[in-house]
Amino acid sequence: MTFLTHSLFMAQRHLRNLSRQPWWIVISLVQPVVWLLLYGQLFKRVVELPGFNASSYVSFVTPGVVIMSALFAGGWNGMGVLMDLNQGVMDRLLVSPINRAAIIAGRIISMSAVCLIQSLILIGLGYVTGARFAGGLAGIFILLASAILLAAPFAALSDALALLVRRQESVIGASNFILMPLTFLSPVFMAKNVMPDWIRAVSRYNPVNWSVEAARSALGPTPDWRFVLVRIGCLLVFALLCAALATRAFRAYQRSA
Amino acid sequence: MIDSLPVSNTAPRAGDGGAAPAIEARDLVKTYGGKVRALDGLSFTVEAGAIFALLGPNGAGKSTTVKILNTLSRPDSGSARVGGFDVFGEPEQVRRAIGCVAQKSGVDPEATGRENLTLQARIYGLGGHALKDRVAQLLDRFTLTEAADMVARSYSGGMQRKLDIAMGLVHHPRVLFLDEPTTGLDPEARADLWDDISRLAGEEGITVLLTTHYLEEADQLAGRLAIVDRGRLVVEGTPDQLKGELFGDAIHMEFLQPEAEGRVRAALNGLADIRELVVAGQSLRARADQGATAVPGMLTALEAQGLKVASVTVARPSLDDVYLRYAGRSFAEADQVSQKGAR
């Protein structure tokens, strides 16, 4: 019970502070918008590759970019933890009886809300540039869910990293070194059938892949719901594991404080 | 509603009766990275309702002590009880019993003063009217009502510190930790805050553990104080007791140039009423029952050996002298050394 109420208090704090600088939501959208517009145009004819199995690249890449944008939103979450550490806010929270897991959960909830807004903007932009989704609203719902379920565990990992290393460079470095390769080792930009064999093999274990595959299947004309649910389930388990890990990071922080 | 926080219902208010001490630290040892020994067997006891100061230079281990007592950090060994609870066995209860004002402010700069206080109150289980009333009361108490709805980033250093203290008090803690509360404040804001802190102990009857590296702050505020140096407690007592242990006046001389300790000692050897002579580089410290009558004799003896004195001061005992006596070095010196060490 305290976990839930405390998580909401924390989420409320983050969203309120964010609402004082709403331009931030737009600024962090610049990169995915560039990906969407540039890739959408540049690789238009990629769908003609034998085995690509998609009628329009914009329709193919839009869910990919939504998920990639969520992945990065999650991966950068630790920067907020660093701010709280530097400003002494984290220590103030830790000497209070606040639920430890709620400190992480509050960040994940507010990040998810931002992610949702950004995803809807990206989907709208995709639609304007010609993307069409046969799966309709149910498909879009699964896309949003799989984007947020991917962002959440990476947010938890990023928060844990921030608590453990407490250095901006490390969080920035780790985010870049991990998030970019994960994106390219997944079908965000390229259909699985035309990937090199080794990338296809590796991508089986890549959460980004689970998220993209679930969303694309649900957005397609004939969604395979079993296929979708298995991937959503994997994401859920991964998210819970990462959240547990992040909460444990507070103990390590206490030892070194 | 305010007073029905879980702790007051379920827990014995061991810190209140006067029988059990509010804070008990025993043999605390803490090393960082296996090398730097921040605490080296520190022990002390604070009676309920007292203002107790830990006084020491930067790096003496004061902040580390506070972090251990407020559950933020764990020592390598030792034990501690705060508000009647075991800090390591019952951290939840300790957290409900204490308020903390860290050296580094814990104010969220993007939130207003009122929002900061409200969130803090909610964490401790306050809600509804009780919450609104308590927040308004604290804003008023620390003269922040006018700035209540401005983001804390726009506050002056003194205002931010006041908000910090108000946040530490929101749940009526029994023990309040104030870690270097006036560091970085201008003299006016500092005097202002001193007033607030002394009123606190009187009105709310809470126990305050204050750390400071300002001698006059400990002298002004604390009923008892302990001097901490290099992770150890050097001496403990009331400010008057400690000053009373130093008989006579403090004499401080500056030479024109650094002089060898041996030469100075030899020169002053014949003077019977000079005690506790310390020579370090260009400065000389000593003690005499009557400073004014001892100085001419000292000057003559030094001049006779060709030791040129640039300045002389004679002072009644201060806490600085207490520090010098027990830590074996002057306070400012220790502070500088540890600051260099920190860099």
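None of these values were measured; they are calculated from a predicted model. (Residues numbered from 1 in each chain as written. Chains lettered and ligands numbered in written order. Predicted model: local features only at pLDDT ≥ 70, side-chain atom pairs only at ≥ 80, totals over all residues.)

## Details of the domain arrangement of chain B
Point 1. The assigned domain composition of chain B is domain 1 (2–242) and domain 2 (247–316).
Point 2. Centre-to-centre separation of domain 1 of chain B and domain 2 of chain B, based on C-alpha positions: 42 Å. (Domains from an automatic or database assignment.)

## A closer look at the environment of A:Leu8
Point 1. Position of A:Leu8 among the secondary structure elements: in helix α1 (residues 2–19).
Point 2. A C-alpha to C-alpha distance of 38 Å links A:Leu8 and A:Gly40, two positions 32 residues apart in sequence. (Helix = DSSP H or I, 4+ residues; strand = E, 2+ residues; numbered from the N terminus.)

## Here's the deal with helix α4 (residues 57–75) of chain A
Point 1. Helix length check: α4(A), at 19 residues, gives a terminal C-alpha distance of 26 Å against a target of 27 Å (1.5 Å per residue), a fit within 8%.
Point 2. Burial analysis of α4(A) places 19 of its 19 residues in the buried class, which makes it a mostly covered element. (Expected span 1.5 Å × (residues − 1). Buried ≥ 20, exposed ≤ 12 C-beta atoms within 10 Å, placed from the backbone.)

## Section: the sheet that holds strand β13 (residues 283–288) of chain B
Residue and element names in this part refer to chain B.
Point 1. Here four strands make up an open sheet; going across it, the order is β12-β13-β11-β14 and the pairing antiparallel. Each of the sheet's edge strands pairs with one partner strand only, and the pair in question is β12 (275–280) and β14 (309–315). Direction aside, neighbouring strands of the sheet carry axes that sit 15° apart on average.
Point 2. Summarising the sheet, strand β11 (residues 249–255) and β13 pair through six bridges and their orientation is antiparallel. Residue pairing across strands places Asp 249 opposite Ala 288, the latter belonging to β13.
Point 3. Contacting β11, β13 and β14, helix α11 (residues 291–304) crosses the sheet at an angle of about 160° to β14. (Pairing = 2+ DSSP bridges. Axes fitted to C-alpha atoms, helices over the stretch in contact; angles between N-to-C directions. Contact = placed C-beta atoms within 7 Å.)

## Regarding the environment of A:Gly51
Residues and elements named next belong to chain A.
Point 1. Examined against the element boundaries, Gly 51 turns out to sit in the loop between α3 (30–42) and α4.
Point 2. Taking the C-alpha atoms as reference points, Gly 51 and Ser 112, 61 residues apart in sequence, are found 35 Å from one another.
Point 3. Among all residues touching Gly 51, those that are not within four sequence positions of it are Asn 193 and Val 194.

## Quick notes on the environment of B:Leu319
All names here are of chain B.
Point 1. Tracing the chain through its elements places Leu 319 in helix α12 (residues 319–327).
Point 2. Here Leu 319 falls in the buried class, since 22 other C-beta atoms lie within 10 Å of it.
Point 3. Sequence separation between Leu 319 and Ile 227 is 92 residues, and the spatial gap between their C-alpha atoms is 9.7 Å.

## Considerations on the nonpolar core
Point 1. Core analysis: the biggest nonpolar cluster contains 149 residues, and A:Ile67 and A:Ala151 have the highest contact counts within it.
Point 2. In this structure, A:Ala151 is in contact with A:Ala70, A:Leu71, A:Ala73, A:Gly74, A:Met111, A:Ser112 and A:Cys115, ignoring residues within four places of it in sequence. (Core = buried A, V, L, I, M, F, W, Y, C linked by C-beta atoms within 7 Å.)

## Looking at the pairing of β11(B)
Point 1. The pairing of β11(B) with β14(B) spans six bridges and is antiparallel. Bridging from a neighbouring strand, B:His252 pairs with B:Thr313 of β14(B).

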